[in-house]
Each structure stands twice: as C-alpha cells, then as structure tokens.
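Secondary and tertiary structure notes
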Amino acid sequence: MTLKIHFYVLLFLLIYNQLFSQDYYTKFHHIASENGVHQTGFRYVFRDKFGFLWISGFNNIDKYDGYKAQHIPTNEGSIFEGKAYGFMSEDTLGNIWIPSDAGLIQYNRAEDLFKKIHLPGLDSSIHFITISFRDEDGDIWIQDYETNLYCINPYNLNYKVYKSDKAIKNGLPSGGIMGITQDKNGFLWFSPWGKGLV
C-alpha cells in the first residue's frame, strides 16, 4: 500500500511540474537598417525623457522613435566635423549634449537644431570626448582629451574645471573617466580607466 501511495505522489508531482512549469523566453527587438539605422557598430545608446533613443556609432548618430530612425550625419562638413563619441546627456530642458571631434555639440530641442557650444574663456580647440552625466543640480559633466573634467551649468554656460594631476595625492587621476553616477546622499562617483573609484 505504501509503495502505491509513493507512486501516486511521484506521479502527481511529475504531472504538476509539467503542467505548471513554463519556459520563459525574453523577446528581443532588433533595430537595424530596415528601421533606418545607418550602421550596426553602435557605441552608445541614450534614451531621452521623451522616449527617443539616441544611438551613437563610430560615424553616425541616429534618433530612433520606436519605428524608424532619423539619420544625423557626423562626417566632415557636418557640425560634428567627424566623430560623435557617445556618452550623451540631457539637461532639464530636454536638450541633448553630445561630444564630438568639433567640441561640444548641443541639440536644442526648442529650436530643433544642433549647435556648437562655446564655453566662455575656454580654448575653442578643446575637444570633448565624453559626456557622462547630468547631476541632481542639472549640471552637465564632461571630459576633454587632456582628461580634465568640466562641470557646466547648461543655462548660463558657467563651468568649473577639475584638472587631472598625478602629483596631487587625492586629486583626479589621469586617464579616461568611464562613468559617473550620483548616490542617494548626493555624492558623485567617478570610475577612471584602471584606477578604481574616485
């Protein structure tokens, strides 16, 4: 009798397992040339507050609305003068800030145009390679080729420069900043290439 009960319990468990266990598959949506995207070698994807995806590649930027992409050329002769590097950021007005070979480019949403941003008193030949973060105060953090960090107020273009210097013990280390984040206490955390966290 006990063997029969064990058999029915085992049978019940096997049937129950088959009836109620399911394989869950995640469906991935591929965005490609059929959607108007101009390349497949993407470097960075950014979602703005209106839901648009800004897709940065080696030589293009595409603005994707969920159905089709609008191509934004970054080649020589465009406002970008070559490459746009990704790591875009958005200010509180919805403007998109983009680093490029030409320097700092802003997509002004209200005017629906791209324009080069000149920071007062700063050499216009400085090229920015990353824009990693908009902090809680709305300031935009960027980095130049010399690995200096800039904290820019996007409304009046006032800025502060944080220079990398190996001689300063607790200063900003040299090397590219790979990411910036802000914790719940308002502290900024930087991840310089191969240097841990700052």
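Reference entry: report on the structure contained in this document. Keep in mind that what you see is a predicted model, and the values were worked out from it rather than measured. (Residues numbered from 1 in each chain as written. Predicted model: local features only at pLDDT ≥ 70, side-chain atom pairs only at ≥ 80, totals over all residues. Heavy atoms only, no water.)

Quick look at the sheet that holds strand β2 (residues 53–57)
Pairing is antiparallel in the open sheet, where 4 strands are placed in the order β1-β2-β3-β4. Looking at which strands have only one partner, the edges of the open sheet turn out to be β1 (42–47) and β4 (69–73). Across the sheet, the mean angle from the axis of one strand to that of its neighbour is 20°, orientation sign disregarded. Sheet analysis places β2 next to strand β3 (residues 60–64), joined by 4 bridges and oriented antiparallel. Looking at the pairing, I55 lines up with D62 of β3. (Pairing = 2+ DSSP bridges. Helix = DSSP H or I, 4+ residues; strand = E, 2+ residues; numbered from the N terminus. Axes fitted to C-alpha atoms, helices over the stretch in contact; angles between N-to-C directions.)

Focus: the side chain of K63
Tracing the backbone through its elements, the reader meets K63 in strand β3. K63 has contacts with F52, L53, W54, K68, A69, Q70, I72 and Y107, leaving out every residue within four places of it along the chain. (Contact = heavy atoms within 4.5 Å.)

Description of the pairing of strand β11 (residues 149–152)
Alternating positions in β11 separate into two faces, L149 and C151 on one and Y150 and I152 on the other, with burial throughout. With 4 bridges connecting them, strand β10 (residues 140–144) and β11 associate as antiparallel partners. Counterpart to I140 in the pairing with β11 is I152. Connecting β11 to the next strand, strand β12 (residues 159–162), in antiparallel fashion are 6 residues, including L157 with a positive phi near 65°. (Buried < 20%, exposed > 50% of the residue type's maximum accessible area, 1.4 Å probe, protein only.)

Describing the nonpolar core
Y44, F46, W54, I61, I72, F80, M88, I96, I98, A102, I105 and Y107 form the largest nonpolar core, which has 12 residues in total. For this core, the secondary-structure elements that each account for two or more residues are β1, β6 (96–100) and β7 (103–108). Excluding residues within four positions of it along the chain, W54 makes contact with Y44, V45, F46, D48, I61, D62, K63, I72, M88, I96, Y107 and F114. (Core = buried A, V, L, I, M, F, W, Y, C linked by side-chain atoms within 4.5 Å.)

A closer look at the packing of aromatic side chains
Evaluated as defined, the whole model comprises 6 aromatic pairs. Taking the centre distance of 5.5 Å and the plane angle of 65° together, the rings of W141 and F190 count as edge-to-face. Remark: F190 occurs in strand β14 (residues 188–192) and W141 occurs in strand β10; sequence separation between them is 49 residues. We classify F190 as buried; its relative accessible area is 10%. Aromatic pair Y150 and Y159: ring centres 6.3 Å apart, planes at 50°, arrangement tilted. The exposure class assigned to Y159 is partly exposed, which follows from its relative accessible area of 25%. (Phe/Tyr/Trp six-rings, centres within 6.5 Å; stacked < 30°, edge-to-face > 60°.)

Some points on the pairing of β6
Counting buried positions along β6 yields 5 of 5 residues, so the element is predominantly enclosed. The two faces of β6 match: I96, I98 and S100 on one face and W97 and P99 on the other face are all buried. Between strand β5 (residues 89–90) and β6, which pair antiparallel one after the other, the connecting turn spans 5 residues, and G94 there sits at a positive phi close to 90°. Pairing geometry for β6 and β7, over 5 bridges, is antiparallel. Counted as the bridge partner of W97 is Q106 from β7. Between the end of β6 and the start of β7, which pair antiparallel, lie 2 residues.

Some points on the environment of F80
Turning to its location among the elements, F80 is positioned in the loop between β4 and β5. Residue classification places F80 among the buried residues on the basis of a relative accessible area of 1%. Through-space distance from the C-alpha of F80 to that of N60 is 9.7 Å; in sequence the pair is 20 residues apart.

A look at the sheet that holds β6
The strands making up a sheet are joined through hydrogen bonds of the backbone, oriented either antiparallel or parallel. Overall, antiparallel pairing links the 4 strands, which are arranged β5-β6-β7-β8 in an open sheet. Among the strands making up the open sheet, the edge pair consists of β5 and β8 (113–117). Of the strand pairs in this sheet, β7 and β8 are connected by 5 bridges, and their pairing is antiparallel. Counterpart to Y107 in the pairing with β8 is F114.

Keep in mind these values describe shape, not function.
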